[in-house]
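Structure at a glance
What follows is the residue order along each chain.
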Amino acid sequence: MFKNSQIKIQPVKTQPYTDQKPGTSGLRKKVKVFQQMDYLQNFIQSIFNCLPEIQGSTLILGGDGRYYNREAIQIIIRMAAANGVAKIILGQGGIFSTPAVSHLIRKNGALGGIILSASHNPAGMDGDFGIKYNSSNGGPAPEEFTNAVYEESQDISYYKIAPIKGIPLDIPGTYTSENTEIEVIDPVNDYVELMQSLFDFDKIRALISADDFSMCFDAMHAVTGPYATRIFEEILGAAPGSVIRAECLPNFGGGHPDPNLIHAKQLVDIMFDAEETGSAPNFGAASDGDGDRNMIMGDYFFVTPSDSLAIIAANAHLIPAYKDGLKGIARSMPTSQAADRVAEKLGIPSYETPTGWKFFGNLLDDKRITLCGEESFGTGSDHVREKDGIWAVLCWLNIMAERKQSVEDIVRQHWAEYGRNYYTRHDYENIPTEAANKLFDNLQEHLGTLIGRIFNNRTVIIADNFSYHDPVDHSQTDNQGIRIIFDDGSRIIFRLSGTGTEGATLRVYIERYAKDIKEHDLDTQEALYDLIETAELVANIIGYTGRHEPSVIT
Ligand code: G1P
Ligand code: ZN
């Protein structure tokens, strides 16, 4: 038991940093930036200053295990104690996945949660670190809050920190320091319980443990290692070793824990390269640094995230938690329109939001939607207020257990019924910010002149910068991406990333709808070839960036 009562807290003087503006998903910077004197402290105090209810509150605290996680946690505990937090629920070893934090906030009626993660960005001494604050509904704090935190960080002159010893992060138990109770808990238990309440574990176990079924889950040496091992191997009976790269390492094994065809190469090789021997597993999946993203694969088959959302929606009635139907579906604007077609058929509303999970929160809280997703390998439901990688994998396994079909058969039947939305995203990473801004200014300036123009037999019907009016709180969010929409429903979208830590990243999203089954067998890049050409023509990417090829294609 740690007892440090009666310690006098002396405020520590500090100077503001000008760059503490949270992006799409919290404050993300290089580790070295966070290690600057008082950098972390300033930001944490700015968060606390924006929480009038901090005294006597409960906070959930944990991270994805990346480099600097443990040090940051000890600092945050001391600051929480000095700021009057009554209770901190901390994951053992400082570990919590993002969806697990979201769940624990809701389960414990906590004021909020602090998640230490830079999601899929690489980790290690020269990698990235990040801080996200989630509110009492379990979801990422809304922009109003993150803007207030930024304002606070610009004026900060002192922070509060208790002069207490470190907490033993690795030993579950309850510790007390100052008037704060710190409960170190197993990070996986509560999450497992939640999953068991949503899915038919018996049916999934029958599928997974059958002799003719094998699966591979790539945890990418990040936070889902312990979650996936417990759920898939220990509880659901997948063969030992089905979870690869299961050990959570501070540098994520030197990799880039982003579950896509480029960065989850190990999994992709297992699912595709065994073609000659015919020994690929029946099911493959991967998650990212903090466990909120997912990639779904079949043997020799990749499921586009936008399709995954649509297919989960169309089959949700097969999953116990959603057997009574869905209230509605939301997708981020750049996500393909495949889910809209399912919503239409189900006779439920569909919503189009700006990029970033925080925009789904109001729709979920207001019970307007049950499912939501993004093209960026994020899918989720009203069970938490974050996207949830392992949940998405369990959706697929539950659906496969009911339909007794392969991943590929399920996807192809979906296309046959609804048509196929060919979809790709081209990323141009780390381009000079000035070049990116010029490209955007130019596009914006010429938007008006695009309407009515014909490119490769398609006429532009809408060319604008996407604005979102939140139907729940009536807030307005502008400049969320340039959309060029054609008369056949095809779309080209341009956005700048809000999560990068170096230069600017241009994202170009391209989509085309093919109704006829005869058109469903094309290679995605070939199917979109002429739209890719149009994107270059209208934006002059080569001219502004000097790049002839995207750095990542998903
Ligand atoms: C990216 C994705 C976005 C996702 C976010 C956090 O943001 O595009 O869909 O919500 O990461 O995982 P971006 O870098 O595009 O701003
Ligand atoms: Zn993530």
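What counts as what
- Residues numbered from 1 in each chain as written.
- Chains lettered and ligands numbered in written order.
- Predicted model: local features only at pLDDT ≥ 70, side-chain atom pairs only at ≥ 80, totals over all residues.
- Heavy atoms only, no water.
- Helix = DSSP H or I, 4+ residues; strand = E, 2+ residues; numbered from the N terminus.
- Expected span 1.5 Å × (residues − 1).
- Buried < 20%, exposed > 50% of the residue type's maximum accessible area, 1.4 Å probe, protein only.
- Arc of directions from axis to C-beta.
- Donors = N, O, S within 2.8 Å, 3.2 Å for Na, K, Ca; no water.
- Tetrahedral: all angles 85-135°; square planar, octahedral: opposite > 155°, others 65-115°.
- Phe/Tyr/Trp six-rings, centres within 6.5 Å; stacked < 30°, edge-to-face > 60°.
- Contact = heavy atoms within 4.5 Å.
- Near = heavy atom within 4 Å.
- Polar contact = N/O pair within 3.5 Å; in protein donor to acceptor, adjacent residues only side chain to side chain.
- Nonpolar A, V, L, I, M, F, W, Y, C, P; charged D, E, K, R; others polar.
- Pairing = 2+ DSSP bridges.
- pLDDT = per-residue confidence, 0-100.

For helix 14 (residues 407-418), built from twelve residues, the straight-helix expectation of 16 Å at 1.5 Å per residue is met to within 8% by its first-to-last C-alpha distance of 17 Å. Inspection of helix 14 places Val 407, Ile 410, Val 411, His 414, Trp 415 and Tyr 418 among the buried residues, and these make up the whole buried set. The arc that holds every buried residue of helix 14, seen down its axis, measures 135 degrees, which confines them to one face. Trailing helix 14 by a residue or two, Gly 419 shows a phi angle of about 90 degrees, which is positive.

A separate point is the coordination of the zinc ion (ligand 2). Here the zinc ion (ligand 2) is held by the protein donor atoms Ser 119 (OG), Asp 288 (OD), Asp 290 (OD) and Asp 292 (OD), which lie 2.0 to 2.1 Å from it. Seen from the zinc ion (ligand 2), its four donor atoms lie at angles of 87 to 164 degrees, and the figure they make is irregular. Mapping the donors of the zinc ion (ligand 2) onto the primary sequence yields the spacing S-x168-D-x1-D-x1-D. Comparing Asp 288 with Asp 290, the two get one shared label, buried.

Scanning the model with the defined rule gives twelve aromatic pairs in all. With 5.2 Å between their ring centres and 25 degrees between their planes, Tyr 133 and Phe 145 make a pair best called stacked. Taken together, the residues Tyr 133 in strand 6 (residues 128-134) and Phe 145 in helix 5 (residues 143-155) connect sequence positions twelve residues apart. Looking at Tyr 133, the relative accessible area reads 9%, which means it is buried. Aromatic ring contacts, followed pair by pair, group Tyr 17, Phe 34, Tyr 39, Tyr 68 and Phe 129 into a single cluster.

Let us look at helix 9 (residues 265-272). Taken residue by residue, helix 9 has Leu 267, Val 268 and Met 271 as its buried positions. The arc that holds every buried residue of helix 9, seen down its axis, measures 100 degrees, which confines them to one face. For helix 9, the secondary structure elements touched by its buried residues are strand 10 (215-218), strand 12 (283-287) and strand 13 (294-298).

So, on to the site of ligand 1. Taken together, 15 residues surround ligand 1, and among them Ser 376, Ser 497, Gly 498, Thr 499 and Arg 507 come closest. Between Gly 498 and ligand 1, the recorded distance is 2.6 Å, taken from a backbone N or O atom to an oxygen atom. Note that an oxygen atom of ligand 1 is positioned 2.6 Å from one of the side-chain N or O atoms of Arg 507. Taken together, the residues that form the shell around ligand 1 break down as no nonpolar, eight polar and seven charged.

Turning our attention to the sheet that holds strand 21 (residues 458-465). Spatial ordering of the open sheet is given by 20-21-24-25-26-19-27, a layout of seven strands whose pairing is antiparallel. Bordering the open sheet on either side are strand 20 (454-455) and strand 27 (552-553), each of which pairs with just one other strand.

Per-chain confidence: the protein averages 94 in pLDDT, with 98% of residues scoring 70 or above. Under a pLDDT of 50 for its full length, residues 1-5 has, in the predicted model, 13 contacts with residues more than four places off or in other chains.

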